[in-house]
Amino acid sequence: MSTLRLEGVTVRFGQVTAVDDVSLVVEPGVTGLIGPNGAGKTTLFDVVSGLRRPSAGRVLLDDEDITAKGPHQRSRLGVARTFQRLEVFGSLTVWENVVVALESRRRSPDLAAGLLERVGIAEFSAKQADTVPTGAARLLELARALATDPRLLLLDEPSSGLDRAETGAFGALLRELSAEGRSVVLVEHDMDLVMGYCDTVHVLTLGRLLVSGTPAAVRAHEGVREAYLG
Ligand SMILES: Nc1ncnc2c1ncn2[C@@H]1O[C@H](COP(=O)(O)OP(=O)(O)OP(=O)(O)O)[C@@H](O)[C@H]1O
């Protein structure tokens, strides 16, 4: 069981405050991070994964202060992430992409087939990664993240490129990962996915945390509607 805690996290880019004094807790389960464009969601992921140091505030994983740790150290502590922009190795096959991720953790390549099966892209195993549909490439990123057996999994717009049936299967997979005790956080614009599968939702607007709660509580919050209408 792993808990992420952000305390007063602020990120400034010159005059712009992209993340403004955000404090929140992520427990095991599926957590949604939503908000209009430019709300600071990706920047917050950068802070959690260690790609960006906050201008102020702390990041704690299971009460350990990891604010000063880099991405590789956090990865070893069980933090994995997928990106909005696809990050797979295009010239390798789908299977090889997962094997590389497994080997980076000294885990057996024999696990690759099961991971591809799990995310639903076994049929593409032998295909070169840059030839598969976008949805499959996103699921490959997820398989690569799962290859590290993460405690905390950060997914940046994972459902883009997935059709309706694939999105349903993806939601079910999120629930499974949560049942294994992992903490899954997704930045996602597909509100059906967020409202249908998350335990908790945090809403950011202009870098600030507007509201946190269950999908029903967040949906009922009048500020959320306002923020979305801009
Ligand atoms: N490297 C940077 N330099 C300067 N400003 C930045 C940088 N990265 C982000 N910003 C600004 O910080 C704010 C938050 O951006 P961020 O990408 O985190 O938002 P987001 O919620 O992920 O948006 P989207 O949904 O469009 O991806 C925006 O105003 C953005 O222009």
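What counts and what doesn't
Residues numbered from 1 in each chain as written. Predicted model: local features only at pLDDT ≥ 70, side-chain atom pairs only at ≥ 80, totals over all residues. Pairing = 2+ DSSP bridges. Helix = DSSP H or I, 4+ residues; strand = E, 2+ residues; numbered from the N terminus. Contact = placed C-beta atoms within 7 Å. Axes fitted to C-alpha atoms, helices over the stretch in contact; angles between N-to-C directions. Expected span 1.5 Å × (residues − 1). Buried ≥ 20, exposed ≤ 12 C-beta atoms within 10 Å, placed from the backbone. Arc of directions from axis to C-beta. Left-handed = near helix turned anticlockwise from the far one by under 90°. Nonpolar A, V, L, I, M, F, W, Y, C, P; charged D, E, K, R; others polar. Near = placed C-beta within 6 Å.

For the protein, the name recorded in an unreviewed UniProt entry is Amino acid/amide ABC transporter ATP-binding protein 1, HAAT family, with Lentzea xinjiangensis as its organism.

1. Brief notes about the sheet that holds strand S4 (residues 56-61)
Reading across from one edge, S2-S1-S4-S5 is the order of the four strands in this open sheet, with antiparallel pairing throughout. Every other strand in the sheet has two partners, leaving strand S2 (16-26) and strand S5 (64-65) as the edge strands with one partner each. Relative to S4, strand S1 (residues 4-13) is paired through five bridges, and the arrangement is antiparallel. Residue pairing for S4: Arg 5 is matched across the bridge by Leu 60. Across the sheet, helix H1 (residues 41-49) touches S1, S2 and S4, and the angle it forms with S2 is around 60°.

2. Observations regarding helix H5 (residues 134-146)
Look at H5: 18 Å from first C-alpha to last across 13 residues, which is about the 18 Å you get at 1.5 Å a residue. Most of H5 sits out of view: eleven of its 13 residues are buried. Structurally, H5 contributes buried residues whose contacts are with strand S6 (79-81), helix H3 (94-104), helix H4 (112-119) and strand S7 (152-156).

3. Quick notes on helix H6 (residues 164-179)
Note: α-helices contain 3.6 residues per turn, so residues at a spacing of three or four share the same orientation. In this model H6 runs 23 Å from its N-terminal to its C-terminal C-alpha over 16 residues, within 8% of the 22 Å that 1.5 Å per residue would give. Taken together, the buried positions of H6 are Thr 167, Phe 170, Gly 171, Leu 174, Leu 177 and Ser 178. All buried residues of H6 fall inside an arc of 120° around its axis, so they share one side. Of the exposed residues in H6, those oriented more than 90 degrees away from the buried face are Ala 165, Ala 172, Glu 176 and Ala 179. Tucked inside the fold, the buried residues of H6 contact strand S3 (29-34), S7, strand S8 (183-187) and helix H7 (191-197). Phi turns positive, to about 95°, at Gly 181, one or two residues after H6.

4. A closer look at the packing of H3 against H4
How two helices pack is summed up by the angle between their axes together with the distance between the axes. The geometry of H3 relative to H4 is characterised by a closest axis approach of 9 Å and an angle of 115° between their N-to-C directions. By crossing handedness, the relation of H3 to H4 is classed as right-handed. Contact with H3, carried on its side by Val 94, Trp 95, Val 98, Val 99 and Leu 102, involves Ala 112, Leu 115 and Leu 116 of H4 and no other residues of that element. Broken down by class, the residue content of the contact of H3 with H4 amounts to eight nonpolar, no polar and no charged.

5. As for the pairing of strand S10 (residues 208-213)
Summarising the sheet, strand S9 (residues 200-205) and S10 pair through five bridges and their orientation is antiparallel. Its bridge partner being in S10, Leu 204 is matched across the sheet by Leu 209. What sits between S9 and S10 in their antiparallel hairpin is a turn of two residues, with Leu 206 showing a positive phi close to 50°.

6. Concerning the site of the ligand
Lining the immediate environment of the ligand, one finds Phe 13, Val 16, Ala 18, Gly 35, Asn 37, Gly 38, Ala 39, Gly 40, Lys 41, Thr 42 and Thr 43. Elements represented by at least two residues in the shell around the ligand include exactly S2 and H1. The greatest single-element share of the shell around the ligand, amounting to three residues, is contributed by H1. Per-class residue counts for the shell around the ligand are four nonpolar, six polar and one charged.

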